[in-house]
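Read off the chains here:
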Amino acid sequence: MPQGNTITPQVNVNGEGSVKIKPDYAIISIGSEIKELDSAKAKKQNDDIIAKMIQVIKKAQIQEKDYQTDRINLYKTREYQEKKDYFVASQSINITLRNLEQYEKLMSDLMDAGANSIQSIEFKSTKTETVASEIRAKAVLNAKKKAEDYAGALNQNIGKALIISDQSMVNNPRDYMMKANAMSADAAGMEQTLAVGEIEISTNVNVVFELK
């Protein structure tokens, strides 16, 4: 007689692996926003500021491939308390800053040029892909240890891995601060406004082991 399907005893666990590394570059989104009664005047003032910002970026010897204009807007808005219509012109520049030691001076000079809007600062590391294999291995070993603990409590052992499901890797920027107020262009007298901290590179894996 044909035998029915047998169910393989299993233990299903999640494993985590992480590594903390120091960021070595940043992606900065900074720009200008001008509000005027006249649309042409708003655009002209904004264009002048962006042109000065680009000169600052070039002076900092940032390569052309590492900066790009973004988010160009010109729109009409109503100030109901004043009962007036204004035009808002805005534009931002995305900058990949590969030398974080330039941050204070660059941000100061950009604000001196007229920048008045910081959209975001994202810290990254060129070592992310290098440590990816390390944290995956840590996650699998963590899952194996959990499975062994569960099996041991039942006086059993684990066998081969039956299923491995890799989860997404996440970068978590930690411990940074910034000030958007005007700063002196004198690097020697500049107040520190950035603490980059660390990035935690982490991953999660689900593993199903045979239970013996």
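As shown above, the structure is provided for reference.
Description of the structure in this document. Since we're looking at a predicted model, the values are computed, not measured.

Turning our eyes to something else, we now look at unusual backbone geometry. Phi is positive for Q61, close to 60 degrees, though the residue is something other than glycine. Its location among the elements puts Q61 in the loop between α1 (39–59) and β3 (67–79). Note on Q61: relative accessible area 73%, which makes it exposed. Phi at N155 takes a positive value of approximately 55 degrees, unusual for a residue other than glycine. The topology assignment puts N155 in the loop between α3 (128–153) and β6 (158–166).

Before going further, it helps to spend a moment on the sheet that holds β3. Spatially, β3-β4-β2-β5 is the arrangement adopted by the four strands of the open sheet, whose pairing is antiparallel. Only two strands of the sheet have a single neighbouring strand rather than two, namely β3 and β5 (117–124). Between one strand and the next, the sheet's axes are offset by a mean angle of 15 degrees, whatever the strand orientation. Where β3 meets strand β4 (residues 84–97), 11 bridges bridge the pair, whose relative direction is antiparallel. Bridged to D70 within β4 is S92. Running at roughly 15 degrees to β4, α1 makes contact with β2 (25–36), β3 and β4 of the sheet. Sheet strands in contact with helix α2 (residues 103–112) are β2, β4 and β5, and its direction is about 10 degrees off that of β2.

So, about α3. Since the α-helix turns once every 3.6 residues, residues separated by three or four places project in the same direction. Its 26 residues place the ends of α3 37 Å apart at the C-alpha level, agreeing with the 38 Å of an ideal helix rising 1.5 Å per residue. Among the residues of α3, T128, V131, A132, I135, A139, A143, A147 and A151 are the ones counted as buried. Just downstream of α3 lies N155, where phi reads positive at about 55 degrees.

What follows deals with the packing of α1 against α2. Each pair of packed helices gets described by two things: the angle between the helix axes and the distance between those axes. At a minimum axis distance of 9 Å, the contact between α1 and α2 shows a crossing angle of 155 degrees. Comparing the axis directions of α1 and α2 gives the class roughly antiparallel. By crossing handedness, the relation of α1 to α2 is classed as right-handed. On α2, the residues that touch M53, V56 and I57 of α1 are L106, D109 and L110.

Checked against the element boundaries, D109 lands in helix α2. Residue classification places D109 among the buried positions, given a relative accessible area of 18%. Placed 49 residues apart in sequence, D109 and A60 show a C-alpha to C-alpha distance of 9.6 Å.

What counts and what doesn't
- Residues numbered from 1 in each chain as written.
- Predicted model: local features only at pLDDT ≥ 70, side-chain atom pairs only at ≥ 80, totals over all residues.
- Heavy atoms only, no water.
- Helix = DSSP H or I, 4+ residues; strand = E, 2+ residues; numbered from the N terminus.
- Buried < 20%, exposed > 50% of the residue type's maximum accessible area, 1.4 Å probe, protein only.
- Pairing = 2+ DSSP bridges.
- Axes fitted to C-alpha atoms, helices over the stretch in contact; angles between N-to-C directions.
- Contact = heavy atoms within 4.5 Å.
- Expected span 1.5 Å × (residues − 1).
- Parallel < 35°, antiparallel > 145°, perpendicular 65-115°, else oblique.
- Left-handed = near helix turned anticlockwise from the far one by under 90°.

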